[in-house]
Amino acid sequence: MPRTARDVVFVDGVRTPFGKAGPKGLYAETRADDLVVRAIRELMRRNPSLPPERVDEVAIAATTQTGDQGLTIGRSAAVLAGLPKSVPGYAIDRMCAGAMTAVTTSGAGISFGSYDVVIAGGVEHMGRHPMGEGVDPNPRFLADRLVDPSALVMGTTAENLHDRFPGITKERADAYAVRSQRKVAAAYAAGKIQPDLVPTAIRSAEKGWGLATEDEPPRPGTTLDDLAKLKTPFRVHGNVTAGNAAGLNDGATACLLAAEDVAHELGLAPKMRLVDFSFAGVDPEVMGVGPVPATEKLLARNSLTMDDIGLIEINEAFAVQVLAFLEHFKIADDDARVNPWGGAIALGHPLASSGVRLMNQLARLFEERTDVRYGLTTMCVGMGMGGTVLWENANWEGSK
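No experiment lies behind these values; they were computed from the predicted model shown. (Residues numbered from 1 in each chain as written. Predicted model: local features only at pLDDT ≥ 70, side-chain atom pairs only at ≥ 80, totals over all residues. Heavy atoms only, no water.)

1. Side note on the overall build of the protein
And step 1. Each helix and strand in the protein was counted, giving 12 helices and 12 strands.
And step 2. Taking 400 residues into account, the globule formula puts the C-alpha radius of gyration at 21 Å, and the protein, at 20 Å, falls close to it.
And step 3. The C-alpha extent of the protein, read off along each of the three principal axes, is 60 × 55 × 50 Å.
And step 4. Counting over 400 residues, the protein shows a buried share of 58%.
And step 5. Taking all contacts inside the protein whose residues are at least 6 apart in sequence as the whole, residues at least 24 apart take part in 79%.
And step 6. Split by element, the accessible area of the protein, about 16100 Å² in all, is 53% carbon and sulfur.
And step 7. With 41 positive and 49 negative side-chain charges, the protein shows a spacing of 2 Å between the two charge centroids. (Helix = DSSP H or I, 4+ residues; strand = E, 2+ residues; numbered from the N terminus. Rg over C-alpha atoms; globule rule 2.2 N^0.38 Å. Buried < 20%, exposed > 50% of the residue type's maximum accessible area, 1.4 Å probe, protein only. Contact = heavy atoms within 4.5 Å. Areas by Shrake-Rupley, 256 points an atom, 1.4 Å probe, with all protein chains shown as cover. Lys, Arg positive; Asp, Glu negative; His and termini not counted. Charge placed at Lys NZ, Arg CZ, Asp CG, Glu CD.)

2. Focus on the UniProt feature "domain: Thiolase C-terminal" (unreviewed entry) in the protein
And step 1. The UniProt entry lists residues 270-390 under the feature "domain: Thiolase C-terminal" (unreviewed entry), expressed in the numbering used here.
And step 2. The span residues 270-390 is 33% helical and 25% strand by assignment, and the distance between its end C-alpha atoms comes to 15 Å. (UniProt positions renumbered as here; feature names shortened; annotations may be inferred.)

3. Remarks on the UniProt feature "domain: Thiolase N-terminal" (unreviewed entry) in the protein
And step 1. Taking the numbering used here, the UniProt-annotated feature "domain: Thiolase N-terminal" (unreviewed entry) corresponds to residues 8-261.
And step 2. The distance from the first to the last C-alpha atom of residues 8-261 is 9 Å, and the span holds 31% helix and 19% strand.

4. Re the environment of I73
And step 1. The residue I73 is located in helix 2 (residues 73-80) in this model.
And step 2. Sequence spacing of I73 and Y90 is 17 residues, and the spatial spacing of their C-alpha atoms is 6.4 Å.
And step 3. Apart from the residues lying within four places of it in its own chain, the contact partners of I73 are D33, V36, I60, D68, A91 and V123.

5. A few points about the pairing of strand 8 (residues 249-259)
And step 1. Taken across its 11 residues, strand 8 has 11 buried, putting it largely inside the fold.
And step 2. Of the two faces of strand 8, the one lined by N249, G251, T253, C255, L257 and A259 and the one lined by D250, A252, A254, L256 and A258 are each fully buried.
And step 3. In terms of strand pairing, strand 1 (residues 8-15) meets strand 8 through seven bridges, oriented antiparallel. The residue bridging V9 from the neighbouring strand is A258, located in strand 8. (Pairing = 2+ DSSP bridges.)

6. Structural notes on the packing of aromatic side chains
And step 1. One pass over the full model with this rule turns up three aromatic pairs.
And step 2. Measuring from ring centre to ring centre gives 5.9 Å for F10 and W391, while their planes differ by 85 degrees; the resulting arrangement is edge-to-face. Here F10 is found in strand 1, whereas its partner W391 is found in strand 12 (residues 385-393), with 381 residues between them in sequence.
And step 3. F10 sits in the buried class, given a relative accessible area of 1%.
And step 4. According to the relative accessible area criterion, W391 is buried, its value standing at 0%. (Phe/Tyr/Trp six-rings, centres within 6.5 Å; stacked < 30°, edge-to-face > 60°.)

7. Some remarks on the side chain of E313
And step 1. Following the sequence through the fold, E313 ends up in strand 10 (residues 309-314).
And step 2. Despite its burial, E313 remains without a salt bridge, the nearest opposite charge being carried by R357 at 4.5 Å.
And step 3. If we skip the residues at most four places from it in the chain, E313 touches N339, P340, G342, L358, Q361, L362, L365, L376, T377 and T378. (Salt bridge = Lys/Arg side-chain N within 4 Å of Asp/Glu carboxyl O.)

8. What about a nonpolar patch on the surface?
And step 1. Together, L142, L152, V153 and F234 make up an exposed nonpolar region whose accessible area comes to about 310 Å².
And step 2. Along the polypeptide, V153 turns up in the loop between helix 4 (140-143) and helix 5 (154-164). (Patch = residues over 30% accessible without salt bridge, like charges linked within 9 Å, V, L, I, M, F, W, Y side chains within 5 Å.)

9. As for unusual backbone geometry
And step 1. For M95, which is not glycine, the phi dihedral falls at a positive 50 degrees.
And step 2. You can see M95 is positioned in the loop between strand 4 (89-92) and helix 3 (98-112).
And step 3. Overall, M95 belongs to the partly exposed group, its relative accessible area being 23%.

10. Some points on the nonpolar core
And step 1. Of all hydrophobic cores here, the largest spans 83 residues; its most connected members are V58, I119, M359 and W391.
And step 2. The residues contacting I119, other than those within four sequence positions of it, are I40, L43, M44, V55, E57, V58, A59, L83, A254, C255 and L256.
And step 3. Counting 41 residues, the second largest nonpolar core, distinct from the first, contains V286, L298, L304 and A324. (Core = buried A, V, L, I, M, F, W, Y, C linked by side-chain atoms within 4.5 Å.)

Now the structure itself:
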């Protein structure tokens, strides 16, 4: 029988605090799957009207699917979180856009009618599993000149993007990074970020057991003078530094998606509505420009322009990547619509988890900005891709 597409809503989202990767980071002694479990359990705790057996799928992304990020982590995390054994799960890998793809793929299943309620998210423990661990790139990538050698090093792709956009200087990138740090500090001071953070048990040999309650990466006192002194590890006299790029991080995210009618049936309050999504490919050696064609496709398909978009949550893998997006769409570097509470340069970027962090922040902003109808979550993706999701504010005042 023919099916009618259903409206898909984002009900709630949580994340662990993000930590610095490495032996001294928050989660050095914490398993990746336990981070996901913590997020799933918190989602269920915060939404007590949702019977666990009504969850139809658990879609969890990880870029490096090995060790404690392997074993079909969506299913294993569902079991570990105490969901009924009848709830299936699966794993996803689209590198940095893993959690974003978990949302769009499972959301499409809801729209089609295959699911009513889904948990989607992602995890990355870059301390336990460094980016690229265990990979074996096919030699034909280089031998057949399918990609430029620089495509395999993310920092070098960011330097290439500086070449493509010569107006984006190191000074401009550093200024953007300082603004990101300041915005995160201001958001923390105002209590904007904390509501979606799940206090997470941690352990270290030196201090024993503890509790992670806030993000570890932010450097709120960062100045332009500080950033000017940093080394450019990807190119001699280059532009990309540890200060104007996201760090290596650990963390997990999870969100609750539902068909809109089911959400109302179960007493779940939607925060935003999934309108459409788009992924696009670009030359891998300039992967940071990926959000541009993904967003262009999405806006065109929905007969919208950037003027219709009231909020933009863009992942700050590198400052140059964000600035290239803004320059293309003729948006000012300090436009108030863009990452109002800061981004990954300050908060961190645990690869496959970051897509849902963007959604969490957009959903919170929508609650405050009922005058805004549409918002975007967008990000660049390794190996030359970009992804963008268009959301509608469920509490938009124009719909009342």
